[in-house]
Amino acid sequence: MDKGSSHLPLGLDSGCVKTHLDDTDVQLLSMLQADGRITNAELARKVGLSPPSALQRVRNLERAGLIRGYHAVLDHERLGLRVTVIAMVSLALHQDRAIELFRKAVAAIPEVVECYHISGEHDFILKILVKDIRAYEALVRDNLSRIKGVQKLTSSFVLAVPKLTHIVPL
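By convention here, each chain's residues receive numbers from 1 onward along its written sequence. At least 70 in pLDDT is required for a residue's local features to be given in this predicted model, at least 80 for side-chain atom pairs to be given and counted, and no such filter applies to totals for whole chains, interfaces and linings, which use all residues. Think of the side-chain values as coming from all heavy atoms in the structure, minus any hydrogens and water.

### Examining helix H2 (residues 40–47)
No. 1: Here the term buried applies to any residue with accessible area under 20% of the maximum for its type, exposed to any over 50%, and partly exposed to those in between, with areas from a 1.4 Å probe on protein chains only. Helix and strand labels come from DSSP, where a helix needs a run of H or I of at least four residues and a strand needs a run of E of at least two; each type is numbered from the N terminus. Of all the positions in H2, only Leu-43, Ala-44 and Val-47 are classed as buried. All buried residues of H2 project into a common sector of 100° when viewed along the axis, lining one side.
No. 2: Only heavy atoms matter for contacts: two residues are in contact if any of them lie within 4.5 Å across the pair. Of the surrounding secondary structure, the elements contacted by the buried residues of H2 are helix H1 (23–34) and helix H3 (51–63).
No. 3: Phi for Gly-48, located one or two positions after H2, is positive at around 80°. Of all possible arcs, the one meant is that of the directions from the helix axis to the C-beta atoms.

See below:
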């Protein structure tokens, strides 16, 4: 495939002039996903660009919203958060206000590390990290069950994680 022949769309609301990702952009995104701490000089060398050109492309990808940030991936188990819970939540009402109130309440609970508004039998799926079952029981009692509009909460405890990645397929 020739450079510039990829046809992955960039966000139109990004303010970026480009409308598609070329092969170099895809390479940059792939390398940054694999190692967010790679130096600009090393990144440029690996994709065959000058460091200023590589930096400009990365900044364009950031401005376009394709790169939302850089962070360290922590080992929650080594930090004492040994229990992962997947909680399925159903709301009593499916009106915009009830949904927004739930979203805001959940956003304020640090143990809820992911929240998905979904279709189907339940309305939300939460990923929760706690130190033990008693901590989860307290979280349900003191937080989740007090959120107005929660009709049903079903909890599943994660036994193993055969796959975990933050890599977006490009």
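Don't stop here, the text continues.
### Looking at the sheet that holds strand E4 (residues 112–117)
No. 1: With antiparallel pairing, the four strands of this open sheet are ordered in space as E4-E5-E3-E6. Each having just a single partner strand, E4 and strand E6 (150–157) make up the two edges of the open sheet. On average, each strand axis in the sheet is inclined to that of its neighbour by 20°, with strand direction left out of account.
No. 2: At least two DSSP bridges between two strands are needed for those strands to be called paired. In the sheet, strand E3 (residues 83–91) pairs with E6 via seven bridges, with the strands oriented antiparallel. Residue pairing across strands places Ser-90 opposite Lys-152, the latter belonging to E6.
No. 3: Throughout, an axis means a line fitted to C-alpha atoms (over the contacting stretch in the case of helices), and angles, computed between N-to-C directions, take values from 0 to 180 degrees. Sitting on the sheet, helix H4 (residues 96–107) touches E3, E4, strand E5 (124–130) and E6, and the angle it makes with E5 is about 15°.

### Digging into the packing of H2 against H3
No. 1: Direction vectors running N to C along H2 and H3 enclose 100°, while the axes themselves pass 8 Å from each other. In terms of their interaxial angle, H2 and H3 are classed as roughly perpendicular. Along the contact surface, H2 presents Asn-40, Ala-41, Leu-43 and Ala-44, while H3 presents Pro-51, Ala-54, Leu-55 and Val-58.
No. 2: The classification used treats Ala, Val, Leu, Ile, Met, Phe, Trp, Tyr, Cys and Pro as nonpolar, Asp, Glu, Lys and Arg as charged, and all other residues, Gly among them, as polar. A class-by-class count of the residues in the contact of H2 with H3 yields seven nonpolar, one polar and no charged. For classification purposes, angles smaller than 35 degrees are called roughly parallel, those larger than 145 roughly antiparallel, those between 65 and 115 roughly perpendicular, and all remaining angles oblique.

### Structural notes on the packing of H1 against H3
No. 1: Remark: H1 packs on H3, axes separated minimally by 11 Å, with the N-to-C direction vectors making an angle of 80°. With respect to H3, the axis of H1 lies roughly perpendicular. Taken together, the residues of H3 that come into contact with H1 (itself represented by Thr-24, Asp-25, Leu-28, Leu-29 and Leu-32) are Arg-57, Val-58 and Leu-61.
No. 2: The class makeup of the residues in the contact of H1 with H3 is five nonpolar, one polar and two charged.

### With respect to H1
No. 1: Compared with an ideal rise of 1.5 Å per residue, which puts twelve residues at 16 Å, H1 spans 17 Å between its outermost C-alpha atoms and is within 8% of the ideal.
No. 2: Turning to H1, its buried residues are Asp-23, Thr-24, Asp-25, Val-26, Leu-28, Leu-29, Met-31 and Leu-32. Helices are assigned an expected span. That span is 1.5 Å times one less than the residue count.

### Let's talk about the environment of Ile-109
No. 1: Of note, Ile-109 is situated in the loop between H4 and E4.
No. 2: On the accessibility criterion, Ile-109 (6% relative accessible area) is buried.
No. 3: Along the sequence, Ile-109 and Leu-144 sit 35 residues apart, while their C-alpha atoms lie 8.9 Å from each other.
No. 4: Excluding its chain neighbours within four sequence positions, the residues that come into contact with Ile-109 are Leu-139, Asn-143, Leu-144 and Ile-147.

### Describing the nonpolar core
No. 1: Among buried residues, those of type Ala, Val, Leu, Ile, Met, Phe, Trp, Tyr and Cys that are joined through side-chain atoms within 4.5 Å constitute a nonpolar core. Among the nonpolar cores identified, the biggest contains 18 residues, and Phe-102, Leu-126, Ile-128, Tyr-136, Leu-139 and Leu-144 are the most heavily contacted of them.
No. 2: For this core, the elements supplying multiple residues, two or more each, are E3, H4, E5 and helix H5 (133–142).
No. 3: In terms of residue count, E3 provides more of this core than any other element does, five residues in total.
No. 4: Judged by nonpolar contacts, the second largest core, of twelve residues, contains Leu-21, Leu-28, Leu-43 and Ile-67.

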